[in-house]
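Here's the letter readout for the chains.
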Amino acid sequence: RWLIAGCVALFVRLPFSLALPHFVSATIGALIDGDVHAVRAAILCFVGAGVVDACLDFWCVFLFGYTQQRIIRRLRLNLFGSLLYQEVGFFDNTP
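Summary of the structure given here. (Residues numbered from 1 in each chain as written. Predicted model: local features only at pLDDT ≥ 70, side-chain atom pairs only at ≥ 80, totals over all residues. Heavy atoms only, no water.)

**Thoughts on the packing of aromatic side chains**
For any pair of aromatic rings, the description consists of the separation of the ring centres together with the inter-plane angle of the planes. Selection rule: Centres within 6.5 Å make a pair out of two Phe, Tyr or Trp rings, where for Trp the six-membered ring is used; the pair is then stacked when the planes are under 30 degrees apart, edge-to-face when over 60, and tilted otherwise. Starting at the N terminus, helices and strands are each numbered in turn, a helix being any DSSP run of H or I of at least four residues and a strand any DSSP run of E of at least two. Buried means the residue's accessible area, taken with a 1.4 Å probe over protein chains only, is under 20% of the maximum for its type, while exposed means over 50%, and partly exposed covers the values in between.
Per the stated rule, a full pass over the model turns up five aromatic pairs. On the basis of an interplanar angle of 15° and a centroid distance of 6.2 Å, the ring pair of F58 and F62 is categorised as stacked. Here F58 and its partner F62 are both found in helix α2 (residues 36–84), four residues apart, which amounts to about one turn of the helix. Residue F62 is classed as partly exposed on the basis of its relative accessible area, which comes to 39%. Geometrically, the ring pair formed by F62 and Y66 is stacked, given 6.2 Å between the ring centres and 15° between the ring planes. Of the two residues, F62 and Y66 are both situated in helix α2; the distance of four residues between them amounts to about one turn of the helix. Through a chain of ring-to-ring contacts, three or more aromatic side chains come together here, namely W2, F58, W59, F62 and Y66.

Okay, structure coming up:
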């Protein structure tokens, strides 16, 4: 469930992170043309896409980290549980 949420956040974030270079290019092109309104619009789009990208990046890192911790916890509990159910002779013969 958390892994799916992280993947969804990653796929939603992808267009925003890919759009950032486009807005930089649009800003440079508008600066060369001398169009102040196009420069302002491109910069606002760049900032907006950057903010959305940064927020979704936070959620990607958080959700994947949380999922990682849950997987590690489950593995450790399974390992500890299997060690508890071993016969006493297992510990005598195994270093």
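Past the structure itself, the notes keep going.
**Section: a nonpolar patch on the surface**
Rules: Patch definition: residues above 30% relative accessible area lacking any salt bridge, with like charges linked at up to 9 Å and the nonpolar side chains Val, Leu, Ile, Met, Phe, Trp and Tyr linked at up to 5 Å. Under the convention used here, a 1.4 Å probe and the Shrake-Rupley method define accessible areas, while residue burial counts only the protein chains that appear. Salt bridges are counted wherever a side-chain nitrogen of Lys or Arg sits within 4 Å of a carboxyl oxygen of Asp or Glu.
Taken together, V24, I28, I32, I43, F46, V47 and V51 make up a surface patch of nonpolar side chains, about 610 Å² in accessible area. Among the elements of the structure, α1 (2–33) and α2 are those that each provide at least two residues to the nonpolar patch. Looking at the nonpolar patch element by element, the count peaks at four residues for α2. You can see V51 is positioned in helix α2. Of the residues examined, V51 reaches a relative accessible area of 48% and is grouped as partly exposed.

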